[in-house]
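Coordinate analysis (summary)
Here is what each chain is made of, one letter per residue.
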Amino acid sequence: MARTGGGGGLPVLVTGACGHLGGHVVRRLAGRGQRVLATDRSEAPADPQAAWGPEAARLVEFVQADLTDGSAMQDLAARCGDAVHVGAIPGPTRHLPPGVDPACLQKSAIGLEDLPGLELLRLNLLGTGLLFEALAARRDGRRVVFSSSLFSMGYSHDPADFRPQYLPLDEDHPMQPLEHYGLSKAMGEEMARMLARVGAVPSNDDCRGPEAKRPRTSDARGVGPSFVCLRFSNIVKAERWDKLPWPAPENGVTPLLWAYCHESDVIDAHLLALDVPREALASSCESFLLVADDTRYDKPTSELISQQWDRPPPLRRALPDHSSIVSNDKAKQVLGFRPRSVRPLASSADAPQTGPGRGDRSWHTFRAPSGFVLSSGEILDDGFLAYQTYGELNTDGSNAVLHPTSFDAVHWELEYNIGPGRLLDTSKYFVIVINLLGNGVSMSPSTCEARATFPAKGTSMSDNVRLQALLLDKLGVGPLALIYGYSMGAMQALHWGVMYPDRVQRIAAVCGSARASDYNVVFLDSLRAALLADPHCVEGADGRLLLTGPCHRGLKTFGRIYAGWGVPMEFYRQELWRKSSRDGQPFASREDFVVRSYEGGFASANPLNLLAQLHTWATADVSKAHGMAAGCTLAEALGRVRARVYLMPCTTDAYFTVAETKVEASSLPNCRFWPLESDWGHRAGDPHRPGQEADAAALASRVAELLAEPTPC
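Residues numbered from 1 in each chain as written. Predicted model: local features only at pLDDT ≥ 70, side-chain atom pairs only at ≥ 80, totals over all residues. Heavy atoms only, no water.

Within this structure, the stated rule accounts for zero disulfides. Left without a disulfide partner, C650 is nearest to the cysteine sulfur of C511, which lies 5.4 Å away. Of the residues examined, C650 reaches a relative accessible area of 0% and is grouped as buried. (Disulfide = S-S within 2.5 Å. Buried < 20%, exposed > 50% of the residue type's maximum accessible area, 1.4 Å probe, protein only.)

What follows is the structure, given as structure tokens:
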């Protein structure tokens, strides 16, 4: 659905419309029914329908014009509404800046332009400046999308010249162009910022620079344009995609060329930038980095970094496997950008390192039935659960094990538990891992093309369990042999036992409880407050939360709070972090542990997804589950459970304490209360990290014992 933009319903202007990228943008706009005013210095294509699609004759008008012709730009600006500015000399020149070794031309990994550098700079900057000023003069609140370039961050003909201040690069890193093309794009963005500042409302709390936080809405001069600048990396065309990853060049290549992006993702991003609501942007001029999650080369990122720099730049978060040195977090969170990658990457620092299908991000989707009513009374529109299965279901459907996900975990991060001979043995059992609503794989704020489609009042534990039951019906699953759940997974397991007592034979509830205690909610409220204190988390006009940026400060504070709750005082007192590691690197200090394990673990998270899951956690209570009578007590609700339950809190867990779960155990008719003795706190229930071998062995032994017990129902 296109945004209602400025310009009174006039066509979208696309410059560079006869080029590869501009032509595809025109085709996509026309394909979704938008009128397009296409322009290029070249003549119109001989066959417009071949170039711009079957709707070209009806929806596309072409005007031949040179961007450096001021009167032509004024005319185009008067005839269009929003604009997508793609037209430019498309890359660096082979004419080197003074001081660069001419031998670098022989090592170039990309094609280079023939015109002199200063002429390239003149043409690109003059054309951009004339167009931007003509559009800004209309004062009608239009959107201007600018095809900038990652090269504005510092592409260099000589790989040794690129020296970033930190990695991964993000939008806060200074642009440091090292040649004329990158300079032309950096100056084009500065031109947009200058025009966005004119007539904008200053904000006392905007400490990110001179950009205005919100445009004027009631000014005699009208509303200025909203600029979105897209710094995309080197584009890989569709026909070359299956050739990736490429061998890393022996003689090195400037590190910005380690990044790449599928051409279709770049085209998609231009439309996303055109459509993003103005209130979802932090200012009237915002920049976004567009890259795939990984590098284009076959060497791990750590090796590329070691070969490039004798003294590598400091890392703001870990870059495991083939992770890109450029962050796409902001584009994902604000624009909804979802780039292709040639290989999957672990999504967090604590992702399991062993297990079948490690890193396989494939999954199945179960669509919620039309008209599904949530606990809040809202109707779930286009809701879905993402799930994966392992092993084979037997003929009577009786060997199924359900493994619901925990907070901010996704199915591939739980595969260390699953496989022949593992805790959940797929030689005997059919294991179903179902992702929690809000976790970024099942329906979540980040998966909604229109953010307003995610339920405004959130989703509950009961909502998840009811949808899971419908999914298992579809799969032909009989009574579950076991539900194995950790943390929020354990909360779901106990809700299952209460809501569907005849469908569950055994429950292993690890480091979780039947409801969130008041003390637990205080912790969750502090996490929520940390995110909402970040200026990038804002409330829209309809009361919904929106992201206007990557929320770095909020996520860092979020991780810091978690570090004080996820593991206990004894963990720090005994310096147990010395027995663990991340990405194969042992922790060097307490601070190193907090930064790399907790801050790093949440650095790439979507804050809106976290907030959605926090709501589900904080409101969990089996006594208020679907089907419970008004006034039902906790003891009465738990008394409905017929399954054999092993309730296994950790003795040092601050989230779900031994004292509170012991009370719950007394109300469960067929329960063994079996605390885990561990100084790893809440993490004892998720023992895939180095140093937790004893916790993992204890859990495996107990689950095996539970599965060997006869079932009470």
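The next point concerns the side chain of E171. Here E171 lies in the loop between β5 (143-147) and α6 (180-197). Within the buried core, E171 has no salt-bridge partner, and the shortest N-O distance to an opposite charge, that of K330, equals 5.4 Å. One polar contact links the side chain of E171 to the main-chain amide nitrogen of L289, over a distance of 2.9 Å. Beyond its immediate sequence surroundings of up to four residues, E171 is in contact with R231, S287, F288, L289, S327 and K330. (Helix = DSSP H or I, 4+ residues; strand = E, 2+ residues; numbered from the N terminus. Lys, Arg positive; Asp, Glu negative; His and termini not counted. Salt bridge = Lys/Arg side-chain N within 4 Å of Asp/Glu carboxyl O. Polar contact = N/O pair within 3.5 Å; in protein donor to acceptor, adjacent residues only side chain to side chain. Contact = heavy atoms within 4.5 Å.)

Across the sheet, which stays open at both edges, the seven strands sit in the order β3-β2-β1-β4-β5-β6-β9 with parallel pairing between neighbours. Each edge of the open sheet carries a strand with a single partner, namely β3 (60-64) and β9 (285-290). Averaged over all neighbouring strand pairs, the angle between strand axes comes to 20°, with direction disregarded. Bridge count between strand β2 (residues 36-40) and β3: five bridges; the pairing is parallel. Within the sheet, the bridge partner assigned to V36 lies in β3 and is V60. (Pairing = 2+ DSSP bridges. Axes fitted to C-alpha atoms, helices over the stretch in contact; angles between N-to-C directions.)

In the numbering used here, UniProt assigns the feature "domain: NAD-dependent epimerase/dehydratase" (unreviewed entry) to residues 12-93. Between the first and last C-alpha atoms of residues 12-93 the distance is 30 Å; the span itself is 38% helix and 21% strand. (UniProt positions renumbered as here; feature names shortened; annotations may be inferred.)

We now examine the nonpolar core. In this structure, L230, F407, L482, Y484, F558, Y562 and W617 are the most contacted members of the largest nonpolar core, which totals 103 residues. The element contributing the most residues to this core is helix α7 (residues 263-275), with six residues. Each residue touching F407, except ones within four places of it in the same chain, is listed here: M488, F558, Y562, F602, L610, Q613, L614 and W617. Core analysis: the next-biggest nonpolar cluster, separate from the first, contains 49 residues, F366, F384, L472 and L647 among them. (Core = buried A, V, L, I, M, F, W, Y, C linked by side-chain atoms within 4.5 Å.)

We now examine the packing of helix α12 (residues 518-532) against helix α16 (residues 607-618). The geometry of α12 relative to α16 is characterised by a closest axis approach of 10 Å and an angle of 160° between their N-to-C directions. The angle between the axes of α12 and α16 places the two elements in the roughly antiparallel class. When you trace α12 past α16, the crossing you get is left-handed. Here α12 contributes N520, V521, F523, L524, L527, R528, L531 and L532 to the contact with α16, which in turn contributes P607, L610, L611, L614, W617 and A618. Across the contact of α12 with α16, the residue classes break down as twelve nonpolar, one polar and one charged. (Parallel < 35°, antiparallel > 145°, perpendicular 65-115°, else oblique. Left-handed = near helix turned anticlockwise from the far one by under 90°. Nonpolar A, V, L, I, M, F, W, Y, C, P; charged D, E, K, R; others polar.)

A few words now on the pairing of strand β11 (residues 384-390). The buried fraction of β11 is high, at six of seven residues. Bridging between β11 and strand β13 (residues 430-434) involves four bridges; their strand directions are antiparallel. Bridging from a neighbouring strand, T389 pairs with I432 of β13.

Attention now moves to helix α1 (residues 20-31). End to end, α1 covers 16 Å across twelve residues, agreeing with the expected 16 Å (1.5 Å per residue, within 8%). Taken residue by residue, α1 has L21, G22, G23, V25, V26, L29 and A30 as its buried positions. Downstream of α1 by a residue or two, G33 has a phi angle that is positive, lying close to 90°. (Expected span 1.5 Å × (residues − 1).)

For any two helices packed against each other, one specifies the inter-axial angle together with the distance between the axes. With their axes 9 Å apart at the nearest point, helix α5 (residues 117-136) and α6 run at an angle of 20° to one another. As judged from the angle between their axes, α5 and α6 are roughly parallel. In terms of crossing hand, the pair formed by α5 and α6 is right-handed. Facing α5, whose interface residues are G117, L118, L120, L121, N124, L125, T128, G129, F132, E133 and A136, α6 presents H180, Y181, L183, S184, M187, G188, M191, A192, M194 and L195. Looking at the contact of α5 with α6 residue by residue, the classes come out as 13 nonpolar, seven polar and one charged.

The next subject is the sheet that holds β11. Strand order in the open sheet formed by eight strands is β10-β11-β13-β12-β14-β15-β20-β21, and the pairing between neighbours is mixed. Edge strands, defined here as strands with exactly one partner in the open sheet, are β10 (364-367) and β21 (671-673). Between one strand axis and the next, the sheet turns by 20° as a mean value, whatever way the strands run. When strand β20 (residues 644-648) meets β21, the two strands line up parallel, connected through three bridges. Within the sheet, the bridge partner assigned to V645 lies in β21 and is C671. Where helix α18 (residues 658-667) meets the sheet, it contacts β20 and β21, and its direction lies at approximately 160° from that of β21. Across the sheet, helix α19 (residues 693-708) touches β14 (482-486), β15 (506-510), β20 and β21, and the angle it forms with β20 is around 165°.

All right, on to the packing of aromatic side chains then. Enumeration according to the criterion identifies 34 aromatic pairs in this entry. With a centroid separation of 6.4 Å and 25° between ring planes, the pair formed by W565 and Y655 is classed as stacked. One end of the pair, W565, is in helix α13 (residues 552-566); the other, Y655, is in the loop between β20 and α18, with 90 residues separating them in the sequence. Per residue, the accessibility class of W565 equals that of Y655, and both read buried. Relative to F656, the ring of W617 lies with its centre 5.9 Å away and its plane at 20°, an arrangement referred to as stacked. Note that W617 is positioned in helix α16 and F656 in the loop between β20 and α18, a separation of 39 residues in sequence. The pair formed by W617 and F656 is uniform in burial state, with each residue classed as buried. Lying over the aromatic face of Y500, R503 brings its terminal NZ or CZ to 5.7 Å of the ring centre. A cation over a ring is seen here: R672 above W674, with NZ or CZ 3.6 Å from the ring centre. (Phe/Tyr/Trp six-rings, centres within 6.5 Å; stacked < 30°, edge-to-face > 60°. Lys NZ or Arg CZ within 6 Å of the ring centre and 35° of its normal.)

For an α-helix, 3.6 residues make a turn, and residues three or four places apart therefore share a direction. Look at α6: 25 Å from first C-alpha to last across 18 residues, which is about the 26 Å you get at 1.5 Å a residue. Burial analysis of α6 places 13 of its 18 residues in the buried class, the great majority of the element.

Let's shift gears to the pattern of salt bridges. Under the defined criterion, the tally for this structure stands at 26 salt bridges. As a salt-bridge pair, R560 and E591 come within 2.4 Å of each other at their nearest N and O atoms. Of this pair, R560 sits in helix α13 while E591 sits in helix α15 (residues 590-602), and the two are 31 residues apart along the sequence. Among the residues examined, R560 registers a relative accessible area of 34% and is labelled partly exposed. A salt bridge links R573 to E570; the nearest nitrogen and oxygen atoms lie 2.7 Å apart. Residue R573 and its partner E570 are both found in helix α14 (residues 569-573); the two are separated by three residues, about one turn of the helix. You can call R573 exposed: its relative accessible area is 57%.

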